[in-house]
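Architecture at a glance
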Amino acid sequence: MQSNAALEYDYTVAKLFTYTAILFGLIGMLIGTLIASQMAFPELNYLFGEYGTFSRLRPLHTNVVIFGFTVSGVFATFYYLGQRVLKVSMAESKFLMFIGKLQFVLYVILALGMVVSLLMGYSTSKEYAQMEWPLDLLTVVVWVLWGISIFGLIGIRREKSLYISLWYYIACFLGVAMLYLFNNMEVPTYLASGGLGSIMHSVSMYSGTNDALVQWWWGHNAVAFVFTVPIVAMIYYFLPKESGQAIYSYKLSLLSFWGLMFVYLWAGSHHLLYSTVPDWMQTMGSVFSVVLILPSWGSAINMLLTMKGEWNQLTENPLIKFMVLASTFYMLSTLEGPIQAIKSVNAIAHFTDWIPGHVHDGVLGWVAFMIMSGLFHMAPRMYKREIYSKKLMEAQFWIQTTAVVLYFTSMWIAGITQGMMWRAVDEYGNLMYSFIDTVAVLHPYYAIRALAGVLYVTGFVMFAYNMIKTMSSSRELTEEPQFRSPMA
Amino acid sequence: MFHWLEKNPFFFAVGVFIVIAFAGLIEILPNFAEASRPIAGLKPYTVLELAGKNVYKKDTCIACHSQLIRPFKSETDRYGQVSLSGEYAYDRPFLWGSKRTGPDLHRVGNYRTTDWHENHMWDPKSVVPQSIMPAYKHMFTNIADIETAYAEAVTVKNIFATPYGDEIKGTKEAWEAYKPKVLEEAKLIAADMKNQDVKDAVAKGEIPEIVAIIAYLNRLK
Amino acid sequence: MNSLMIKGLIFAAVLIGATFAVVKSMHIDLSDPINMITLIGAVAIAVLTVGVSIKYINQMKTDKATGELADESWDGIGEYKNELPSGWAFSFLGTMIWAMWYWIAGYPVNAFSQIGQYNEEVLAYNAKFEEIHKNADAATLQEMGESIFLVQCAPCHGETGDGLSGKAQDFSSRESKEQVLAIIKNGSDQLKYPMGAMPAGMAQGADAEEIAAYVAGGMKGEQPASFGVCAGCHGADGKGNGGTAPNIAEYDQTLIEHVLENGRKGAIGTMPSFKGRLTPVQKKALATYLSSLKS
Ligand code: HEM
Ligand code: HEM
Ligand SMILES: [Ca+2]
Ligand SMILES: [Ca+2]
Ligand SMILES: [Cu+2]
């Protein structure tokens, strides 16, 4: 079928979110590398006084990479490809254009507020929901504006049936909206005490075990609806588009999607194994985690099969390399996760570095790879210039791949060792290791992980440089490339 | 069959919503009434302890420390009795954590003491030479926000019926009248400490963060 | 098998091998079921991910894209109407059925309880170590004591028991002069010896100094006359009159037990009570070990 020759898409908002994705990616990963280094070399805790300790910076790292980098990437790719698969231009609706820009402005204010307030120590200490209540409210506004954009664009679409990527963006929007609201129900103490104390402070609506349940119902599904669902949306568009190949199987797309929707939410209690939540709930979390392998692998396999017969593209186009490896890392983390969710394995894995290991083969190898390849693919179309350097991209690919492998292998070994040392008893039945023994033994692995961080950030700087050059000084294109992105 | 849904965004979205909301209802609601009940004899946090808990949150100790002792012999030998649901009834938010870069702290009050914490928070390496925990020297000078902790006590008393006494009320006068009580508690802790600046501050009626956080850590039993 | 698959499996094998070697070097007991299941899980992750992903990646080399295209196309992206890969489809169906079975029958019938599991673990532990603990000889106690000490006491007393430059009791000697002086001045009522409390002000001024120096010095050399007042309770040899008052000459089992039971707040700081946290054998072992530390 004929594609978009007649339509001029408007990428203003997509470009804006591209800038923030690059900026927050860089900041977030620099902080990640700093905290990784602090675990290997604790003296680095004292670079910025009270604001430089591991514990102030760690939530900053997670929030900046999630709500800054990843979410920007999600918005940028949506504002880019949403128009294209719906065959409408943002320029056709002044209203949607305004909403998009307003969303961006409020988003930037929110992101700044988040960084400043976390550095100052305003934190609810609920993982991935640290922001205090005024920022929560702003988050809701930004999210609702995005919803208006999604459904607004859909409302004026020319292409009747929704492309797979849009299924996933819609799910991302709904899932996050529902879970975020429930998990952040909190009472501002200033308002409830007749004006005493700090205006920023709040207490959670739920206590103890209930709070834990709601928190991990969100926490796990933040992973689902931020690190998985919209990233699947990206690969379903960018891989076939870049390669010119048709999706291998509609049926597989369909079953994977509805399977994922149905199963994901049940698995949340695998974060609470051997805790004080009821046994049956824990068991359910474990069982459905194992089921979850299939709908997750379904999408990855669909992508790999889409590339059937295209070995030469894999070897020649670094963008395809990024995306094929991203699918593979997605498979790795969605098998590793379910295995860590088995109760006996979780007895070892929980609380150890094996979990951050699992996290980062997902976020570095899958999330960040996909966001970077998406933005790379978009650049020649948005800026009408070819990608500045293929060589640089190729080098970036190998450096970052090495980094991910170093990260997850070192944390894998560290975590398993530590978990087993905590349990070990000597021949007389006494604990074999003091706690600090189990910390000291990890030093080499922490050092390797810090090195991995340096490599990954180096790759990200190469990405940023390549992007900026593409935007500003690369050779101009006269015609929009249909599939493969041109690069010098 | 599904193609129909993909052409009807409204029903598509409703479908997705139902499918994802379903699991939440079944998993979360049944437990709600049960798990918020305190075990017999559990006391709410004192205002000073709450202030300490807020320091714990402010400096994100949860990044490295859990507060959940799992039912394994190796954990009960190391940390003490298995954690029970009812022990957390006054924890808003819960602070179980998900990473043990440092040890569990759910019962640290049983086996560490004020003077040890003082040394340790000032410079962890002075007591555990291989420690990778940061030093928290700023807690010895930063003044804890007791008023906010008091506001928190008022809030949970009014809204969640947490059993605080009648003297905790949401008025400026009640707060002024309550302040000396918090200071009394702080003095007991400062008496076991060695840092002269901290002692002086408490004598002056100011409570450094370190005093509050030690009160909180000692309470974890 | 082609070269890509072989490389992939070598990577998996190296990772597993390294994990195994590191764990072994920490003397981990791999016959423990939890440890074993974890390692099997790790092997499964590495092998399955590499195996399956490379299986499909290889098809990029060997296969051709085929199938019937659907009518639609989005921004130039087409869609084949291919059937589900059968391995995937059967696995999905299989795990779904298994999940439903587990939920409806498997779990309820099995009636797993994690507290029940914990109780069983403790019983098995007791059965396993009862014999060793009952017949522990001095050498065993000494070794046990050391490992308990490193876990439970070293964070305060230091790994060598030196008290970390005055931050806790230094076990290379008995009480220091400052500690004795403080106790003479203030008395003490914490340890719950049969004798009860020690009154404050049992000696003053130069007498107190002299006694303190003598006690801190390990009660060696000539006993000062003023020590008589102490001897009434602690015995002329300072050994505590058969356990009615603390032994102030050296660490003994009675003292350790009283300290561990009650804790002690003194001139240095506060020692927490370990009431209920240590078994009788463990206390005995600690006593044996501490007695061995004096220089
Ligand atoms: C089939 C899919 C998956 C399952 C069943 C799964 C399972 C798990 C399990 C069992 C944990 C450890 C909980 C603990 O013991 O502390 C975990 C943690 C985590 N996983 Fe996954 N995982 C999956 C996929 C992913 C993916 C694709 C990503 C990211 C791209 C991801 C990101 C995370 C994160 C961020 C955590 C850490 C949560 C925390 O802060 O404790 N997971 N996952
Ligand atoms: C240069 C690259 C990065 C490095 C060196 C790095 C390092 C770290 C470190 C050291 C931690 C703390 C682990 C611990 O407490 O034991 C962490 C946590 C985390 N990072 Fe990264 N990170 C990087 C990039 C990213 C990116 C790009 C993302 C997401 C897109 C991400 C998401 C997370 C998450 C979700 C956690 C929390 C995991 C948990 O709680 O279990 N990181 N990271
Ligand atoms: Ca919040
Ligand atoms: Ca975590
Ligand atoms: Cu999860």
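For the structure, check the block above.
Before going into details, it helps to say that this report is about the structure given with it. Here the structure is a predicted model, which means the values were calculated and not measured.

1. With respect to the side chain of glutamate 242 of chain A
Residues and elements named next belong to chain A.
- Summarising the element assignment, glutamate 242 is placed in helix 7 (residues 208–243).
- Look at glutamate 242: it is buried, it has no salt bridge, and the nearest opposite charge is arginine 381 at 4.3 Å.
- Ignoring sequence-local partners within four residues, the contact set of glutamate 242 consists of Gln313, Asn317, Leu319, Ile320, Met323, His377, Arg381, Phe483, Arg484 and Ser485.

2. Thoughts on the site of ligand 1
- The local shell around ligand 1 holds 28 residues, among which Glu127, Tyr128, Asn346, His350 and His358 of chain A are the closest.
- This site is not confined to one chain, since residues near ligand 1 come from chains A and B.
- Measuring from an oxygen atom of ligand 1, one finds a side-chain N or O atom of glutamate 127 of chain A at 3.0 Å.
- Interatomic distance of 2.9 Å between a side-chain N/O atom of asparagine 346 of chain A and an oxygen atom of ligand 1.

3. Brief notes about the pattern of salt bridges
- Per the stated rule, a full pass over the model turns up 35 salt bridges over all chains.
- A salt bridge links arginine 56 of chain A to glutamate 50 of chain A, with the shortest nitrogen-to-oxygen separation between them at 2.9 Å. As far as burial versus exposure is concerned, arginine 56 of chain A and glutamate 50 of chain A are alike and both buried.
- With its nearest N and O atoms 3.2 Å apart, the salt bridge here joins aspartate 59 of chain B to arginine 56 of chain A.

4. Some remarks on the coordination of the iron atom of ligand 1
Residues and elements named next belong to chain A.
- Looking at the iron atom of ligand 1, one finds just one donor atom contributed by the protein, His358 (NE2), at 2.1 Å.
- Separation of the iron atom of ligand 1 from the copper ion (ligand 5) amounts to 4.5 Å.
- Mapped onto the secondary structure, histidine 358 falls in helix 14 (residues 354–383).

5. Focus on a nonpolar patch on the surface
All names here are of chain B.
- Together, Trp4, Phe10, Phe11, Val14 and Ile18 make up a nonpolar patch on the protein surface, roughly 550 Å² of accessible area in all.
- With 4 residues, the single largest contributor to the nonpolar patch is helix 2 (residues 9–28).
- Along the chain, the position of isoleucine 18 falls in helix 2.
- Residue class for isoleucine 18 comes out exposed when judged on its relative accessible area of 53%.

6. A look at the coordination of the calcium ion (ligand 3)
Residues and elements named next belong to chain A.
- Distances from the calcium ion (ligand 3) to its protein donors, Met131 (O), Asp136 (OD), Asp136 (OD), Asn184 (OD1) and Glu186 (OE), fall at 2.3 to 3.0 Å.
- Sequence positions of the donors to the calcium ion (ligand 3) reduce to the motif M-x4-D-x47-N-x1-E. Taken together, the residues aspartate 136 in helix 4 (residues 133–155) and asparagine 184 in the loop between helix 5 (164–183) and strand 1 (186–188) connect sequence positions 48 residues apart. Judged on exposure class, the residue aspartate 136 and its partner asparagine 184 are both buried.

7. Structural notes on the environment of glycine 67 of chain C
All names here are of chain C.
- Among the structural elements, glycine 67 can be located in the loop between helix 2 (33–62) and helix 3 (86–110).
- C-alpha separation for the pair glycine 67 and glutamate 143, spaced 76 residues apart in sequence, amounts to 71 Å.
- Apart from residues lying up to four places away in sequence, glycine 67 is in contact with Tyr80 and Asn82.

8. As for the interface of chain A and chain B
- Counting residues at the interface gives 97 residues for chain A, matched by 89 residues for chain B.
- Taking both partners together, chain A and chain B bury about 7,900 Å²; carbon and sulfur atoms supply 67% of that area.
- When the buried area of chain A at its contact with chain B is split by residue, Leu196, Trp258 and Phe351 of chain A rank highest and sum to 10% of it.
- Counting across the interface, chain A meets chain B through 3 salt bridges.
- On the surface where chain A and chain B come into contact, there are 27 residue pairs in polar contact (both at pLDDT 80 or more).
- If one sorts the elements of the side of chain A that touches chain B by residue count, helix 7 of chain A sits on top with 11 residues.
- Partitioning the side of chain A that touches chain B into residue classes produces 54 nonpolar, 32 polar and 11 charged.

About the criteria used
- Residues numbered from 1 in each chain as written.
- Chains lettered and ligands numbered in written order.
- Predicted model: local features only at pLDDT ≥ 70, side-chain atom pairs only at ≥ 80, totals over all residues.
- Heavy atoms only, no water.
- Helix = DSSP H or I, 4+ residues; strand = E, 2+ residues; numbered from the N terminus.
- Buried < 20%, exposed > 50% of the residue type's maximum accessible area, 1.4 Å probe, protein only.
- Lys, Arg positive; Asp, Glu negative; His and termini not counted.
- Salt bridge = Lys/Arg side-chain N within 4 Å of Asp/Glu carboxyl O.
- Contact = heavy atoms within 4.5 Å.
- Near = heavy atom within 4 Å.
- Polar contact = N/O pair within 3.5 Å; in protein donor to acceptor, adjacent residues only side chain to side chain.
- Donors = N, O, S within 2.8 Å, 3.2 Å for Na, K, Ca; no water.
- Patch = residues over 30% accessible without salt bridge, like charges linked within 9 Å, V, L, I, M, F, W, Y side chains within 5 Å.
- Areas by Shrake-Rupley, 256 points an atom, 1.4 Å probe, with all protein chains shown as cover.
- Buried area = accessible area lost by both parts, 1.4 Å probe.
- Nonpolar A, V, L, I, M, F, W, Y, C, P; charged D, E, K, R; others polar.

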